[in-house]
Amino acid sequence: MKALKSGWDFFQSEVLGMSWLNRLIETILNACGLDTSTRIGGSVQFFLYNTIKIMMLLVFLILLISYVQSYFPPERTKKILGRFHGVGANIIAALLGTVTPFCSCSSIPLFIGFTSAGLPLGVTFSFLISSPMVDLGSLVLLMSIFGWKIAVLYVVLGLVIAVVGGTLIEKLHLDKEVEEFIRNGHAIDVPQEELHFKDRMKYAWEQVVSTAKKVVPYVLIGVGIGAFIHNWIPEDFIVKILGDNNPFGVILATLAGVPMYADIFGTIPIAEALLAKGALLGVVLSFMMGVTTLSLPSMIMLRKAVKPNLLGIFIAICTVGIIVVGYFFNAVQYLIV
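Please read these numbers as outputs of a predicted model, since none were measured by experiment.

### Notes on the overall build of the protein
Okay, step 1: Check the secondary structure of the protein and you find 17 helices and zero strands.
Okay, step 2: In terms of overall size, the protein behaves like a compact globule, its C-alpha atoms giving a radius of gyration of 21 Å where 337 residues would be expected to give roughly 20 Å.
Okay, step 3: Along the first, second and third principal axes, the C-alpha atoms of the protein reach 65 × 50 × 40 Å.
Okay, step 4: Residue burial in the protein is summarised as follows: out of 337 residues, 51% are buried.
Okay, step 5: Long-range pairs, those at least 24 residues apart, make up 82% of the contacts in the protein with a sequence separation of at least 6.
Okay, step 6: Each charge class in the protein can be summarised by its mean position, and for the 23 positive and 21 negative side chains these summaries are 3 Å apart.

In structure tokens:
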């Protein structure tokens, strides 16, 4: 058992967390005359380490997830979802959301397609909530920073929000709150040709290139913010605003994430820096969920598809769910870290 734990700790630290890369960058910077114990040197080290680590994980994860996703084109996903009813359909939709695009703006076109195809509104919303919040990439990235317990809990609770949120929307019978052009639309059912391994790998690599072009600017911004927080903002200030002394830290962090637009890759370095400075775990994870699920650009896109009443209910359900999850993580932080 001890050997198993040691093996897992090594995997988490050296493979997922790439601690070897951090040590290598520190050695190179010090050899070049830049002292990494200073604020400037520490900022450069943090920026280089996190940028390289995230981009390496990004390429690997998108390649893997896109390969899996090639088995679930919209038409096939629609057929799978059509076989289930009730809460079971919401659960399947939430799970399918984990193998789809990384940001909410990429998920909305799929949501529109599923709704036009006649799938129940609650089912499509379960998909829309889970897709940006709890994709498979988030599981691996969170494991690299916070460990497997927190990563698994984050994904499970994110799926709960998606299932509960979709079920509530279904019970409220809000179909008329979807814009008419979508309700009256018809998705074209294109026959799916059988793809071979080469075709799937080609598709997966195209997704890597396409997603990387969209994500890289936000990764650089996120790492830059993280480096600034990590090396320039006093720890006392972070603890005062987002630590034990502020009972509203979770709410503040959730709302702070709304104006931003990023995916899990862009929020991880900010979350890592905040946690290192003394922010509570629930506060950090609420911020991540708020950014990935409720970003202002994605809400503007969603408004084109649904009426204000339904948009407001969607935002309220997600916000309440994220805040509840945040306070839950705060309560159990010292039990699972």
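Now that the structure is up, let's keep going.
### Quick notes on the pattern of salt bridges
Okay, step 1: Taken as a whole and judged by the stated rule, the model has two salt bridges.
Okay, step 2: Taking the shortest distance from any N to any O, the salt bridge between Glu14 and Arg23 comes out at 3.1 Å.
Okay, step 3: What makes Arg23 partly exposed here is its relative accessible area of 44%.
Okay, step 4: Note that Glu179 is salt-bridged to Arg303, the shortest N-O span being 3.1 Å. Placement of Glu179 in the loop between helix H9 (148-171) and helix H10 (180-183) and of Arg303 in helix H16 (residues 296-303) is noted, with a sequence separation of 124 residues between them.

### Digging into unusual backbone geometry
Okay, step 1: Phi is positive for Met18, which is not a glycine, with a value near 50°.
Okay, step 2: Phi at His173 is positive, roughly 50°, even though this residue is not glycine.
Okay, step 3: In this structure, His173 sits in the loop between H9 and H10.

### Some details on the packing of helix H8 (residues 136-146) against helix H14 (residues 264-276)
Helices that pack against each other are described as a pair by the angle of their axes relative to one another and the distance between those axes.
Okay, step 1: Where H8 contacts H14, the axes come no closer than 11 Å and their chain directions differ by 20°. Relative to H14, H8 is oriented roughly parallel. For the crossing formed where H8 meets H14, the hand is right-handed. Mapping the contact onto sequence places Ser138, Leu141, Leu142, Ile145 and Phe146 in H8 and Ile264, Phe265, Ile268, Ala271, Glu272 and Leu275 in H14.
Okay, step 2: Taken together, the residues of the contact of H8 with H14 sort by class into nine nonpolar, one polar and one charged.

### Comments concerning the confidence of the model for the protein
Okay, step 1: On average, residues of the protein score 83 in pLDDT, and 92% of them are at 70 or above.
Okay, step 2: Mean pLDDT values over the elements of the protein span from 71, in helix H4 (residues 74-82), up to 94, in helix H2 (residues 19-31).

### With respect to the nonpolar core
Okay, step 1: Of all hydrophobic cores here, the largest spans 85 residues; its most connected members are Phe146, Tyr154 and Met288.
Okay, step 2: Excluding residues that lie within four positions of it along the chain, Tyr154 makes contacts with Met133, Val134, Ser138, Leu142, Ile264, Leu285, Met288, Met289 and Phe329.

### Notes on helix H15 (residues 281-294)
Okay, step 1: Between the first and last C-alpha of H15 there are 19 Å, a value that for 14 residues agrees with the 20 Å anticipated at 1.5 Å per step.
Okay, step 2: Burial of H15 is extensive: 14 of the 14 residues sit out of reach of the surface.

### Topic: the packing of aromatic side chains
Okay, step 1: Summed over the entire model, instances satisfying the criterion amount to four aromatic pairs.
Okay, step 2: Judged by centre distance (5.9 Å) and plane angle (75°), the ring pair of Phe328 and Phe329 falls under edge-to-face.
Okay, step 3: A relative accessible area of 35% means that Phe328 is categorised as partly exposed.
Okay, step 4: When its relative accessible area of 0% is taken as the criterion, Phe329 is described as buried.

### Examining a nonpolar patch on the surface
Okay, step 1: A cluster of nonpolar side chains, Trp20, Leu24, Ile28, Leu48, Ile52 and Met56, forms an exposed patch at the surface whose accessible area comes to about 500 Å².
Okay, step 2: Of all the secondary-structure elements, those providing two or more residues to the nonpolar patch are H2 and helix H3 (39-69).
Okay, step 3: For Leu24, a relative accessible area of 42% gives the class partly exposed.

### Considerations on the packing of H15 against helix H17 (residues 308-336)
Okay, step 1: Running from N to C, H15 and H17 point in directions that differ by 155°, and their axes come no closer than 7 Å. What the angle tells us is that H15 and H17 run roughly antiparallel. Crossing hand, H15 versus H17: right-handed. On H17, the residues that touch Leu281, Gly282, Val283, Leu285, Ser286, Met289, Gly290, Thr293 and Leu294 of H15 are Phe314, Ile315, Cys318, Thr319, Ile322, Val325, Gly326, Phe329, Asn330, Gln333 and Ile336.

### A few points about the side chain of Thr98
Okay, step 1: Examined against the element boundaries, Thr98 turns out to sit in the loop between helix H5 (87-96) and helix H6 (104-116).
Okay, step 2: Among the polar contacts listed, one links the side chain of Thr98 to the backbone oxygen of Leu95, at a separation of 2.5 Å.
Okay, step 3: Ignoring any residue separated from it by four or fewer positions in sequence, one finds Thr98 in contact with Ser130, Val134, Asp135, Leu136 and Leu159.

The rules behind each value
Residues numbered from 1 in each chain as written. Predicted model: local features only at pLDDT ≥ 70, side-chain atom pairs only at ≥ 80, totals over all residues. Heavy atoms only, no water. Helix = DSSP H or I, 4+ residues; strand = E, 2+ residues; numbered from the N terminus. Rg over C-alpha atoms; globule rule 2.2 N^0.38 Å. Buried < 20%, exposed > 50% of the residue type's maximum accessible area, 1.4 Å probe, protein only. Contact = heavy atoms within 4.5 Å. Lys, Arg positive; Asp, Glu negative; His and termini not counted. Charge placed at Lys NZ, Arg CZ, Asp CG, Glu CD. Salt bridge = Lys/Arg side-chain N within 4 Å of Asp/Glu carboxyl O. Axes fitted to C-alpha atoms, helices over the stretch in contact; angles between N-to-C directions. Parallel < 35°, antiparallel > 145°, perpendicular 65-115°, else oblique. Left-handed = near helix turned anticlockwise from the far one by under 90°. Nonpolar A, V, L, I, M, F, W, Y, C, P; charged D, E, K, R; others polar. pLDDT = per-residue confidence, 0-100. Core = buried A, V, L, I, M, F, W, Y, C linked by side-chain atoms within 4.5 Å. Expected span 1.5 Å × (residues − 1). Phe/Tyr/Trp six-rings, centres within 6.5 Å; stacked < 30°, edge-to-face > 60°. Patch = residues over 30% accessible without salt bridge, like charges linked within 9 Å, V, L, I, M, F, W, Y side chains within 5 Å. Areas by Shrake-Rupley, 256 points an atom, 1.4 Å probe, with all protein chains shown as cover. Polar contact = N/O pair within 3.5 Å; in protein donor to acceptor, adjacent residues only side chain to side chain.

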